[in-house]
Amino acid sequence: MSLRKFITNKTTAALAVLLTVFANTSAFAQEAAAGAAAAPKVDMGEVYKSVIFYVLVFLAICLFIAIVGKAIRVYELSREAQGKPVGINWNRVHASLFALFLVVGLYGVYWEYTVHGAMLLPDAASVHGERIDKMFNLTLIITTIVFVVTHILLFGFSYIYKYSAKRKAYYYPHNNTIEKIWTIIPALVLTVLVLMGFLTWRSIFYKVEDPKNKAIQIEVTSEQFKWSIRYPGADGIVGKRNYKLTTASNALGIDFKDLNSRDDEMADEMVIPVNRPVKLLLNSKDVIHSFYMPHFRVQLNTVPGMQTVFEFTPTITTKEMQEKTNDPNFKYLFFCAKICGGGHYNMQKDVRVVTEKEYEEWLAEQKTYLNDDLRKEFNLPVAPAPVKSVADSAATDSVAAKTNQMALNK
């Protein structure tokens, strides 16, 4: 081979280019390593947190893909200009990518079930919560089966029936039997799921009240960014509210003309007895919030000017759930599930599920919302001071006499 042919040979030119790139890259790497060793370390944490950094990375990846695509296109055009057969069979490449995506996608489904599946919902701790979970699980199982089968068919057909010059596609525009199958079966399945949801909804919101086991009324009022909890007194009925009566001392606007409101009690936490129905009366003072108790499967909006109601029955006490989860610090909570402003993240309250005896003891310790100051403000009779018995008065007089005698003896 002559020197001229050796220099103009494509293989030789490609090797020369690769050698030059490798030499320059090595020199650059050595230079960068030396500079990195000499220069002080820079904290890149803030850079990695910025949006601009990831936008630039995305653009760089797009640019790299575009360059590779152009290089492949130039390669194909050069072979076409030389009258050579096409170097890359793109139909086969696309079909292989479909098969690869099918495998990766099915593994992604498996990964989601095993990793994120346990994060979906905590254990249900209410009667209706168990029914909702069964309905949710049935829907998830059906949709997963349909998803896996349809995607195997979709990607499998794309791989098996990729283009080939040796065969001709069969024209198959219509089939009444197939149309009936994929119309009737989904319609029946959806009808069953909708009926299950309807019956579950009715069982939650249209309960027949049991006079022997009446629900405990608890009023919960939302505002930015806190919750107020009001319990009924001995009458078992939460009194009326009127937003026009809201003042600095009567923040909830409670109507004390209603006798049912005078024995109501305020609480810093929600305490409820196990296996006893609880009727939540939900209100809002300012914007729409969303009352959310994940363990009890309770979520309902609190709307200004309108009271919403939700009734449920807790089935697992806090202590039992601590043992079940092996977490001594476990607490039931209720949150605001609506993004209601800057303090939304901190809008939560503790919920304690206790035995009936513990509930009665806790309830006896609570004080009524209506105190002497509010009685004076709303021109209500002030509660009389407790009357001391004769024995208590005699004991007090005896102590006072002894104190005076000691003072005289000094």
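The structure we're discussing is the one just above.
Residues numbered from 1 in each chain as written. Predicted model: local features only at pLDDT ≥ 70, side-chain atom pairs only at ≥ 80, totals over all residues. Heavy atoms only, no water.

(A) How the structure looks around the overall build of the protein. Within the protein, the secondary structure is distributed over 11 helices and 10 strands. Counting all 410 residues of the protein, 24% fall into the buried class. Of the contacts formed within the protein by residues at least 6 apart in sequence, a portion of 68% connects residues at least 24 apart. When the accessible area of the protein is evaluated, it comes to approximately 29200 Å², of which 65% is carbon and sulfur surface. (Helix = DSSP H or I, 4+ residues; strand = E, 2+ residues; numbered from the N terminus. Buried < 20%, exposed > 50% of the residue type's maximum accessible area, 1.4 Å probe, protein only. Contact = heavy atoms within 4.5 Å. Areas by Shrake-Rupley, 256 points an atom, 1.4 Å probe, with all protein chains shown as cover.)

(B) Fine view of helix α6 (residues 127–160). Taking 1.5 Å per residue as the helical rise, α6 with its 34 residues ought to reach 50 Å, and the 50 Å between its terminal C-alpha atoms agrees with that figure. Lining the buried residues of α6 we find α5 (90–116), α7 (176–205), β7 (298–302) and β8 (308–312). For α6, the capping residue at the N-terminal end is S126, with a side-chain oxygen 3.1 Å from the backbone nitrogen of G129. (Expected span 1.5 Å × (residues − 1). Polar contact = N/O pair within 3.5 Å; in protein donor to acceptor, adjacent residues only side chain to side chain.)

(C) Fine view of α7. Its 30 residues place the ends of α7 43 Å apart at the C-alpha level, agreeing with the 44 Å of an ideal helix rising 1.5 Å per residue. Those residues of α7 not exposed but buried are L193, T200 and I204. With a side-chain oxygen lying 3.0 Å from the backbone nitrogen of T177, the N-terminal cap of α7 falls on N175.

(D) Fine view of the sheet that holds strand β1 (residues 216–223). The mixed open sheet is built from five strands, whose spatial order is β3-β2-β1-β5-β8. Every other strand in the sheet has two partners, leaving β3 (265–267) and β8 as the edge strands with one partner each. Recorded for the sheet is a direction-independent mean angle of 25° between the axes of neighbouring strands. In this sheet, β8 lies alongside strand β5 (residues 278–284) in antiparallel orientation, the contact comprising five bridges. When the bridges of β8 are listed, V278 appears paired with F312. (Pairing = 2+ DSSP bridges. Axes fitted to C-alpha atoms, helices over the stretch in contact; angles between N-to-C directions.)

(E) Representation of the packing of aromatic side chains. Summed over the entire model, instances satisfying the criterion amount to 16 aromatic pairs. Linked through ring pairs, F296, F312, F330 and Y332 together constitute an aromatic cluster. Just above the ring of Y159 sits the side chain of K162; from NZ or CZ to the centre is 4.5 Å. It is R202 that lies over the ring of Y206; its NZ or CZ is 5.0 Å from the centre. (Phe/Tyr/Trp six-rings, centres within 6.5 Å; stacked < 30°, edge-to-face > 60°. Lys NZ or Arg CZ within 6 Å of the ring centre and 35° of its normal.)

(F) Molecular detail of the pattern of salt bridges. Inspection of every chain in the model, using the stated rule, returns eight salt bridges. A salt bridge links D133 to R297; its shortest N-O distance comes to 2.8 Å. Of the two residues, D133 is situated in helix α6 and R297 in the loop between β6 (289–293) and β7; the sequence distance between them amounts to 164 residues. Pair check on accessibility: D133 and R297 agree, each one buried. The residue E269 makes a salt bridge to R352 at a minimum N-O spacing of 3.1 Å. With a gap of 83 residues between them, E269 in the loop between β3 and β4 (270–273) and R352 in strand β10 (residues 348–354) connect regions that are remote in the sequence. One network of salt bridges, with partners in common, ties together E219, R230 and D264. (Salt bridge = Lys/Arg side-chain N within 4 Å of Asp/Glu carboxyl O.)

So yeah, pure geometry; function would need other evidence.
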